[in-house]
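# Architecture at a glance
Given next are the chains, with one letter for each unit.
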Amino acid sequence: MAFSNSKSTNETARKIFKILLTSPRIKVSWVKAHAGNIGNERADQLAKDATQHGQPYSHTKLPKQHIKGLLRKRMLEEWQTSWKNGDTGRKIFNIMPSVNLRPTNWIREDVIVFSQHGPFPAYLKRFHLSDSDYCTCDGIGTALHYATECIYTVSWHMRKPAPNFEQEWLKRVAHNLVSRQKIRWIIKFMSESRDLFLPP
């Protein structure tokens, strides 16, 4: 029997061996099956019930890396569900619909443009921080306006997308280092020249 071997690697056998070693009153002996021994019959019945209705149980020790992989997969699934069904960050969700453990390498200016939460009159008016949503050049002051048509940011302009392709345009800009550098310069310029961009 495995539990009688002190060198057994089976965890359950080692626990039983330890109990027997510290409890000399417990005696282990072979009992003939189906011989009317009440305890043996009950143990036999419990064993049958366990095989037919019990939950599988294993002492198999999984490698730490495997467990970490399973936990990471589960975490990403829960995070993805939360991100997909969330109420906030929808503008960023439209650019990055899938969660990922790799950093995006976005800096503050990138977040300002892609979330469209920044020094833009259209955004400020939504929160009653400005009386007008117009830029001083008379266009609607959105992130897209400054990146494509404002006369004050013409040095960094990109081609303006058709209205039904704005989201696709933002995705392309988000994944293009040259375009991202342009929007960073725009936001930096706007921050340094605030008076120029105050609505009329």
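Residues numbered from 1 in each chain as written. Predicted model: local features only at pLDDT ≥ 70, side-chain atom pairs only at ≥ 80, totals over all residues. Heavy atoms only, no water.

In the nomenclature of an unreviewed UniProt entry, the protein chain corresponds to RNase H type-1 domain-containing protein from the organism Araneus ventricosus.

## Structural notes on helix 8 (residues 166-174)
Heads up, the condition is: Note on classification: 1.4 Å probe, protein chains only; a residue is buried when its accessible area is under 20% of the maximum for its type, exposed when over 50%, partly exposed between these limits. Put simply, DSSP H or I for four residues or longer makes a helix, DSSP E for two residues or longer makes a strand, and each gets a number counted from the N terminus. To be clear, the arc concerns the directions from the helix axis to the C-beta atoms.
All buried positions along helix 8 are accounted for by Trp169, Leu170, Val173 and Ala174. One face of helix 8 carries all of its buried residues, which in axial projection span an arc of 135°.

## Some details on the pattern of salt bridges
So the rule is basically this: Whenever Lys or Arg places a side-chain nitrogen within 4 Å of a carboxyl oxygen from Asp or Glu, that contact is recorded as a salt bridge.
Taken as a whole and judged by the stated rule, the model has six salt bridges. Two residues, Glu192 and Lys188, come together in a salt bridge whose shortest N-O distance is 2.9 Å. Of this pair, Glu192 and Lys188 both sit in helix 9 (residues 177-192), separated by four residues, roughly a single helical turn.

## Observations concerning the domain arrangement of the protein chain
Put simply, the rule is: Throughout the structure description, domain borders are defined by an automatic or database domain assignment.
Taken domain by domain, the protein chain holds domain 1 (2-53) and domain 2 (103-196). Taking only C-alpha atoms into account, the centre of domain 1 sits 74 Å from that of domain 2.

## Some words on the packing of helix 5 (residues 108-115) against helix 9
Test applied: Comment: axis = line fitted to C-alpha atoms, over the contacting stretch for helices; angle = value between 0 and 180 degrees taken between N-to-C directions. Oblique is the label for any angle not under 35 degrees, not over 145, and not in the 65 to 115 range, which are roughly parallel, roughly antiparallel and roughly perpendicular in turn. The contact rule is simple, with two residues in contact once any of their heavy atoms fall within 4.5 Å. By the convention adopted, Pro, Cys, Tyr, Trp, Phe, Met, Ile, Leu, Val and Ala count as nonpolar, Lys, Arg, Asp and Glu as charged, and the other residues, Gly among them, as polar.
Running from amino to carboxyl end, helix 5 crosses helix 9 at an angle of 95°, the nearest separation of the two axes being 9 Å. With respect to helix 9, the axis of helix 5 lies roughly perpendicular. Contacts from Glu109, Asp110, Ile112, Val113 and Phe114 in helix 5 reach Arg180, Ile183, Arg184 and Ile187 in helix 9. Residue composition of the contact of helix 5 with helix 9, by class: five nonpolar, no polar and four charged.

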